[in-house]
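Structural features, examined
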Amino acid sequence: MLVSHPVQEDVYKKQRETMVREQIAGRGVSDKAVLNAMRTVKRHMFVPPDLAAEAYNDSPLPIGHGQTISQPYIVAYMTQVIHPKPQMKVLEIGTGSGYQAAVLAEIVKEVYTIEIVPEHGKAAAERLKNLGYANVQVRIGDGYQGWEEHAPYDAIVVTAGAEAVPPPLVEQLKDGGKMVIPVGPQFAMQTLKLIEKKNGKVTTRNLMPVLFVPFTRSEKK
Ligand code: SAH
C-alpha cells in the first residue's frame, strides 16, 4: 500500500487546483460537477509511482503495456460532454488506470467499465476499491460487445480509438443518452464524436481531433 506524507498530499492538492484552473476551466470546461471531480480525484494514485510528480502535467502519461492515461483536459472534456448527473448509469470502454472511471464515479451513481488487458483491469479494480470507489464495477473483456447485463446506459464513454462505432454500444445506449467516442484509423489522428439517441434516432456530431491508443479486439477463435 502506498502511503503518502500529508505534506506531499498538500502539494498534490495544490497541483490539482492549478491543473483545473489553467488546463481545464482555462480551456472552457465549466460544468461545476466536472471541475469538482477533477479537483477531487487523486490522479497521482493512478499513474506509475515514478511518474507521480508528473501526474498533474498537461499531458497523457504511459501506464504500461503500451497504454496511456489521457491528458486531464481530455478526461474533463469527455466527462462534460455526456452531461453527467447524480442519478446516471455510465458505461466506460477502456478502464486503463481507472482514472476516467473515478472521475465519473465522483458524479454519477453507477459506473461499469471494461478493460481488455487483464493486468490493467485487475490493477484498476484493486486501486478503485482501495480508494473507496464502491460504485464502480470493472470487467475484463472486449468492450466491443458492451455490457448487456446492466444496459441500457444513460451515457457511454469510450477511451480507445475505434475504427468504427461498435453497433452493440449504440444498441445499449438509453433513448436520450449520449456516447462520446474517438473514431478513426489506428495510430493516426481520430475524431472525437458525440453520438446521441433521441426517439430511436441516432445522430452524430464531430467534436475535435484526438489521439487515443487503439481499440483492440479479442482474437477470434
Ligand atoms: N480511461 C483510461 C485510459 C484508457 S487508455 C484511464 O483513465 O486511464 C485505453 C484503454 O483501452 C487501454 O487500457 C486499452 O487496453 C483499452 N482497450 C482497448 N481496446 C479495448 C476493448 N476492445 N475493450 C476494452 N478495453 C480496450
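Data block above holds the structure.
Below you will find a few notes about this structure. Values in this document were obtained by computation on a predicted structure and should not be read as measured data. Within each chain, residues carry numbers counting from 1 in the order of the written sequence. Thresholds applied to this predicted model are a pLDDT of at least 70 for local features of residues and 80 or more for the giving and counting of side-chain atom pairs; totals over whole chains, interfaces and linings are not thresholded and use all residues. Side-chain metrics in this entry use all non-hydrogen atoms of the structure; hydrogen atoms and water are not considered.

Some remarks on the pattern of salt bridges
What counts as a salt bridge is simple: a side-chain nitrogen of Lys or Arg found within 4 Å of a carboxyl oxygen of Asp or Glu. Under the defined criterion, the tally for this structure stands at six salt bridges. Between Glu9 and Lys42 there is a salt bridge; the shortest N-O distance is 3.4 Å. With Glu9 in helix H1 (residues 6–24) and Lys42 in the loop between helix H2 (32–40) and strand E1 (61–64), this residue pair connects regions lying 33 residues apart in the sequence. Buried, partly exposed and exposed residues are distinguished by accessible area as a fraction of the type maximum, computed with a 1.4 Å probe on protein chains only: under 20%, between the cut-offs, and over 50%, respectively. Look at Glu9 and you get buried, because its relative accessible area is 17%. Strands are runs of DSSP state E lasting at least two residues, helices are runs of H or I lasting at least four, and both sets are numbered from the N terminus onward.

Observations concerning the site of the ligand
Whether a residue is near a molecule or strand depends on its heavy atoms: if one lies within 4 Å, it is near. Contacts to the ligand come from 25 residues, most closely from Ser97, Glu115, Asp142, Gly143 and Thr216. Thr216 is positioned with one of its backbone polar atoms (N or O) 2.5 Å from a nitrogen atom of the ligand. For the ligand, whose unbound accessible area comes to 580 Å², protein coverage reaches 99%. If you list the elements that add at least two residues to the shell around the ligand, you get strand E2 (67–69), strand E3 (89–93), helix H4 (99–107) and strand E4 (110–115). Tallying contributions element by element places E2 first for the shell around the ligand, with three residues. Polar contacts, as counted here, are pairs of nitrogen or oxygen atoms within 3.5 Å of one another; within protein the pair requires one atom able to donate a hydrogen and one able to accept it, and residues that are adjacent in sequence qualify only if both atoms are side-chain atoms. For the accessible areas, the method is Shrake-Rupley and the probe is 1.4 Å, while residue cover comes only from the protein chains on display.

Structural notes on the sheet that holds E3
Any two strands are treated as partners once DSSP identifies two or more bridges connecting them. With mixed pairing, the seven strands of this open sheet are ordered in space as E5-E4-E3-E6-E7-E8-E9. Both outer strands of the open sheet, strand E5 (136–140) and strand E9 (201–210), are each paired with one neighbouring strand and no more. Strand-to-strand twist in this sheet, taken as the mean axis angle between neighbours without regard to direction, amounts to 15°. Summarising the sheet, strand E6 (residues 153–158) and strand E7 (residues 173–183) pair through four bridges and their orientation is parallel. Among the inter-strand pairings, Tyr153 is bridged to a residue of E7, identified as Leu173. The strands touched by helix H3 (residues 72–81) within the sheet are E6, E7, strand E8 (190–198) and E9, with E9 carrying the most contacts at an inclination of about 160°. Axis geometry follows a simple rule: fit a line to the C-alpha atoms, using only the stretch in contact for helices, then measure angles between N-to-C directions, giving values from 0 to 180 degrees. Here, two residues are considered to be in contact whenever any of their heavy atoms come within 4.5 Å of each other.

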